[in-house]
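# Chains, contacts and geometry: an overview
If you want the building blocks of each chain, they are given just below.
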Amino acid sequence: MTRPADFWNTVYDNDTAPWVIGEPQPAIVALERAGGITGRVLDPGCGAGEHTILLTRLGYDVRGIDMSPSAVAYARANAAEQGVPNAAFEVADALALGDRPDFAGDPPGSAPAFDTIVDSALFHVFGTEDEARAAYVRSLHAVCKPGGTVHVLALSDVEPGFGPRISDTLIRDSFRDGWALEELRPARYRGRITDLVAQEDTQDLDVSASGRVDAAAWLARIRRL
Ligand SMILES: C[S@@+](CC[C@H](N)C(=O)[O-])C[C@H]1O[C@@H](n2cnc3c(N)ncnc32)[C@H](O)[C@@H]1O
């Protein structure tokens with residue numbers, strides 16, 4: 001669900017984000033090891049910044065953006081603590097990236113900026129909101145180079161869990177015109193049980209001793225035409 005920045009700020013300020021796990025998502029680590037990430041990279045909805053930090057450390061040219069100033073502050077502090085102070089973060093709305101000449105092509109009409117976009121748990125936030133989801137997909141199209149790749153790691157509705165869980169059909173239907181869906185497969189998204197999600201449908205989840213859950217997810221690879 002689309003939420004104002006204040007909602008996300010509160011989650012970071014109170015440290016109740018179930019996705020803040022102190023490490024990158026194992027599925028994204030595996031994706032990088034498999035060669036799925038090339039060129040200039042965008043990490044939209046970067047949250048605590050783990051993926052931007054990981055990829056910067058590995059030598060990628062990567063930009064983490066988030067609409068929440070608290071998330072960006074958290075990510076910068078996290079990067080400094082992990083010894084990656086050059087990890088680049090900024091506050092930006094992922095629904096309006098096409099308005100950014102430096103992302104969408106400067107001068108206007110020149111090449112979009114990014115070869116690879118790594119969406120970890122942002123797409124599903126717009127799961128029930130058709131307009132916002134369409135705006136997000138348009139926004140990605142504006143800043144992804146033709147032939148570039150968008151990876152979407154999103155919570156799946158095939159199992160009980162927490163957060164906005166979506167169907168594979170929603171991913172297929174959202175990336176049609178101007179895109180080629182190359183792969184869509186089951187994956188896992190690691191989270192932690194916090195006050196924010198403890199009331200949700202979590203009793204059947206396999207929670208580790210450290211409070212971690214590997215929830216059902218989708219991992220999609222989508223080519224920008
Ligand atoms: C579920 S969290 C995922 C964070 C991170 N990618 C991860 O996997 O740990 C979603 C993030 O998207 C951010 N977000 C939500 N709507 C956004 C928007 N329109 N533009 C940019 N960021 C947004 C939130 O502030 C939050 O940090």
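Shown above is the structure to which this text applies.
So, here is what we can say about the structure in this document. (Residues numbered from 1 in each chain as written. Predicted model: local features only at pLDDT ≥ 70, side-chain atom pairs only at ≥ 80, totals over all residues. Heavy atoms only, no water.)

## Some details on helix H2 (residues 26-33)
Looking only at H2, the buried set comprises Ala27, Ile28, Val29, Leu31 and Glu32. Contacts made by the buried residues of H2 are with helix H3 (50-57), strand E4 (114-120), strand E5 (144-155), strand E6 (179-192) and strand E7 (212-224). Of the residues trailing H2, glycine 35 is marked for its positive phi of about 85°. (Buried < 20%, exposed > 50% of the residue type's maximum accessible area, 1.4 Å probe, protein only. Helix = DSSP H or I, 4+ residues; strand = E, 2+ residues; numbered from the N terminus. Contact = heavy atoms within 4.5 Å.)

## Quick look at the packing of aromatic side chains
A ring pair, where both rings are aromatic, is described by two values, the distance of the centres and the angle of the planes. A full pass over the atoms with the stated rule returns eight aromatic pairs. Judged by centre distance (5.1 Å) and plane angle (75°), the rings of phenylalanine 103 and phenylalanine 114 are edge-to-face. Of this pair, phenylalanine 103 sits in helix H5 (residues 101-104) while phenylalanine 114 is found in strand E4, placing the two residues eleven residues apart along the sequence. Using a relative accessible area of 0% as the deciding quantity, one classes phenylalanine 103 as buried. Take phenylalanine 114: its relative accessible area is 0%, and that puts it in the buried class. By way of ring pairs, the aromatic residues Phe7, Trp8, Tyr12, Trp19 and Tyr74 are connected into one cluster. One cation-aromatic arrangement involves arginine 3 over phenylalanine 7; the distance from NZ or CZ to the ring centre is 4.1 Å. Lying over the aromatic face of phenylalanine 103, arginine 100 brings its terminal NZ or CZ to 4.1 Å of the ring centre. (Phe/Tyr/Trp six-rings, centres within 6.5 Å; stacked < 30°, edge-to-face > 60°. Lys NZ or Arg CZ within 6 Å of the ring centre and 35° of its normal.)

## Describing the sheet that holds E6
Pairing within the open sheet is mixed, and its seven strands lie in the order E3-E2-E1-E4-E5-E7-E6. Every other strand in the sheet has two partners, leaving strand E3 (88-91) and E6 as the edge strands with one partner each. Strand-to-strand twist of the sheet, defined as the mean angle between neighbouring strand axes without regard to direction, takes the value 20°. For strand E2 (residues 61-66) and E3, the ladder comprises four bridges, and the chain directions are parallel. Directly across from isoleucine 65, in E3, lies its bridge partner glutamate 90. Each of E4, E5, E6 and E7 is contacted by H2, which is oriented at about 150° to E5, the strand it contacts most. (Pairing = 2+ DSSP bridges. Axes fitted to C-alpha atoms, helices over the stretch in contact; angles between N-to-C directions.)

Worth remembering: the numbers are spatial, not functional.
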